[in-house]
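Next come the chains, spelled out residue by residue.
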Amino acid sequence: MDTSIGALSSCKPPCNDVGSPPNGAASAIQGSAPGPAAVGSPDSTMGRHLARRLVQIGVTDVFSVPGDFNLTLLDHLIAEPGLNLVGCCNELNAGYAADGYARARGVGACVVTFTVGGLSVLNAIAGAYSENLPVVCIVGGPNSNDYGTNRVLHHTIGLPDFSQELRCFQTVTCFQAVVNNLEDAHELIDTAISTALKESKPVYISIGCNLPAIPHPTFSREPVPFALSPKLTNQMGLEAAVEAAAEFLNKAVKPVMVGGPKLRVAKACEAFVELVDACGCAVAVMPSAKGLVPEHHPHFLGTYWGAVSTAFCTEIVESADAYLFAGPIFNDYSSVGYSLLLKKEKAIILQPDRVVIGNGPAFGCVLMKDFLKALSKRVKRNTTAYENYHRIFVPEGHPLKCEPKEPLRVNVLFEHIQDMLSSESAVIAETGDSWFNCQKLKLPRGCGYEFQMQYGSIGWSVGATLGYAQAVPEKRIIACIGDGSFQVTAQDVSTMLRCGQNTIIFLINNGGYTIEVEIHDGPYNVIKNWNYTGLVEAIHNGEGKCWTAKVFYEEELIKAIKTATGPKKDCLCFIEVIVHKDDTSKELLEWGSRVSAANSRPPNPQ
């Protein structure tokens, strides 16, 4: 099967299988810009080469913050017809935007300046690393003549050692390229980009500030297509793993399947559903995999999240005598303070290239997609677990309707957000109580969903919303953001307006860091209240399309949503929702107490 790397046409929600070829198939990244440039022409420079490479892999928007070390490079990126430079208010948000863009397009990119910009974007790149997102982080570096001269440069910590930034990025990127001469620039840039796609992780490229504009013979032609070597399954290992797994599942009375977040990086979403269809088992997802498995599937249970799972999901999963977890991440958050009642001997654990059955055996060099497809042909149909669920299931009640002028409750807010969802929308959930409230939303076919659970950086959603909306302009983004998180990264609402985006932001104002309150309360969790709608109006400043509303009651919320989805549907709509500081989901209360217990365990005896 031919695969166009990064092509929008290959983006199939909810799995986002773009940005790299299918497992087991080599793919060449094809040139897309006009013909060869003559040596010495403005198009035969390293800056234009990098720009063309980004366009080839599907990046048509690059998020940037200018600085004196990257200005010439930015000139050459702007000159590329297929590339749009999106200026952000700060480097952290530029990195978050590249993260959000990569979730929708399969790959993203940002450009910042040396050290002072690089260390600012570092947190966002670490988050992308934790979520297995290929982000190309480009830094305008020092003049190539300054390396090895013992000089001290501005934007550094005052030492003649230029490696501080590089050493920081080595821990959160899978490849680092420091380009300070033209002879090997082509090779370093191509290796970095291809490594990002192969490993599905961020990479770091530092480019000397005096190099982007200099013509060189290696850039005189359109970049030669380069191939991504396929990852291949060991066929003997695959057969042995499938045989052992089929025997394990076929003798079980009530097996279940649970999808995990690494389904995305393994490009195995469709194969997982194929297995579920073949076996007829009940299927659930881990919280950080929401959106990777279609929720309209007839055997879908909801989210398995221990004590805060979707109703009746925990009981079915934890009472099963066999469970297959595809791409799980078990950390203190996803395990609700290590309180999951799972037994290793009952589990098949699939990682992107490894299968572990019970307490053993383990099979390496077996790609998840290949394993799932092969297992679906060998597993017996067994609907017992789903039938049990169907027998015990009681539909959830709807929240009580608010009385006139009764303060708006969070559960009522999300009941109305549920009604807004369609195949033409996507949800971005910020760290905090929005995790739990958005987790309960039932996603229609084709509705996107993203949140950052492993890294859990508050403020991520503002930049991620900017990037995601820029990547899929055909969808209307609904972002649910707490007031504490919004204060971290609010500036780039400005960039959303500059880009003409029509996102709907629900700013949930409950007076502080509610998720922290439920883990461990203190005066540090209370924040200064802002006039959030006034702030957004000030940012708007009459330029671009923007509409704001502040709501206290359900009737005001209904009117605001009707306006945002009607006459203001082409505007960025910012709806501040005022709720009580203690109005939280029951799931957050339970989760917070268990995470608190895990955090406060006394030291083991020495």
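Residues numbered from 1 in each chain as written. Predicted model: local features only at pLDDT ≥ 70, side-chain atom pairs only at ≥ 80, totals over all residues. Heavy atoms only, no water.

- As recorded by an unreviewed UniProt entry, the protein chain carries the name pyruvate decarboxylase and is attributed to Eucalyptus grandis.
- Comment text from UniProt for the protein chain, heading Subunit (unreviewed entry), reads "Homotetramer." (UniProt positions renumbered as here; feature names shortened; annotations may be inferred.)

## Considerations on the domain arrangement of the protein chain
Consideration 1: For the protein chain, the assigned domains read domain 1 (46–208), domain 2 (235–392) and domain 3 (410–592).
Consideration 2: Each of domain 1 and domain 3 has a C-alpha centre, and the two are 29 Å apart.
Consideration 3: For domain 1, the biggest contributors to the area lost against domain 3 are Asn93, Tyr96 and Arg103; these three give 29% of the whole.
Consideration 4: Taken together, the connections running from domain 1 to domain 3 amount to one salt bridge.
Consideration 5: Among the salt bridges present, the one from Arg103 reaches Glu450, with a minimum N-O distance of 2.8 Å.
Consideration 6: Counting the contacts that link domain 1 with domain 3 gives 16 residue pairs in polar contact (both at pLDDT 80 or more).
Consideration 7: Mapped onto the side of domain 1 that touches domain 3, the elements with two or more residues apiece are strand S2 (61–64), strand S3 (84–87), helix H3 (91–105) and helix H4 (118–130).
Consideration 8: Looking at the side of domain 1 that touches domain 3, the element that brings in the most residues is H3, giving ten residues. (Domains from an automatic or database assignment. Buried area = accessible area lost by both parts, 1.4 Å probe. Salt bridge = Lys/Arg side-chain N within 4 Å of Asp/Glu carboxyl O. Polar contact = N/O pair within 3.5 Å; in protein donor to acceptor, adjacent residues only side chain to side chain. Helix = DSSP H or I, 4+ residues; strand = E, 2+ residues; numbered from the N terminus.)

## Focus on the sheet that holds strand S4 (residues 108–113)
Consideration 1: Here we have six strands laid out as an open sheet, ordered S3-S2-S4-S5-S7-S6, and parallel in their pairing. Sheet topology places S3 and strand S6 (176–179) at the edges, where each strand pairs with a single neighbour. Across the sheet, the axes of successive neighbouring strands diverge by a mean angle of 20°, strand direction being ignored.
Consideration 2: Where S6 meets strand S7 (residues 203–208), four bridges bridge the pair, whose relative direction is parallel. The residue of S7 that forms the bridge with Ala177 is Ile205.
Consideration 3: Of the strands in this sheet, S2, S4 and strand S5 (135–141) touch H3, which is tilted by about 165° from S4. (Pairing = 2+ DSSP bridges. Axes fitted to C-alpha atoms, helices over the stretch in contact; angles between N-to-C directions. Contact = heavy atoms within 4.5 Å.)

## A few points about the side chain of Thr584
Consideration 1: Checked against the element boundaries, Thr584 lands in the loop between strand S21 (572–578) and helix H20 (586–599).
Consideration 2: Setting aside residues up to four positions removed in sequence, Thr584 forms contacts with Asp433, Thr514, Glu518 and Leu589.

## Description of the pairing of strand S12 (residues 322–326)
Consideration 1: The buried count for S12 comes to five of five residues, which makes it a mostly enclosed element.
Consideration 2: Bridge count for strand S9 (residues 255–259) against S12 is five bridges, and the pairing is parallel. Of the residues in S12, the one forming a bridge with Met257 is Leu324.
Consideration 3: The sheet contact formed by S12 and strand S13 (residues 347–351) spans four bridges and is parallel. From the neighbouring strand, Ala326 faces S13, where its bridge partner is Leu350. (Buried < 20%, exposed > 50% of the residue type's maximum accessible area, 1.4 Å probe, protein only.)

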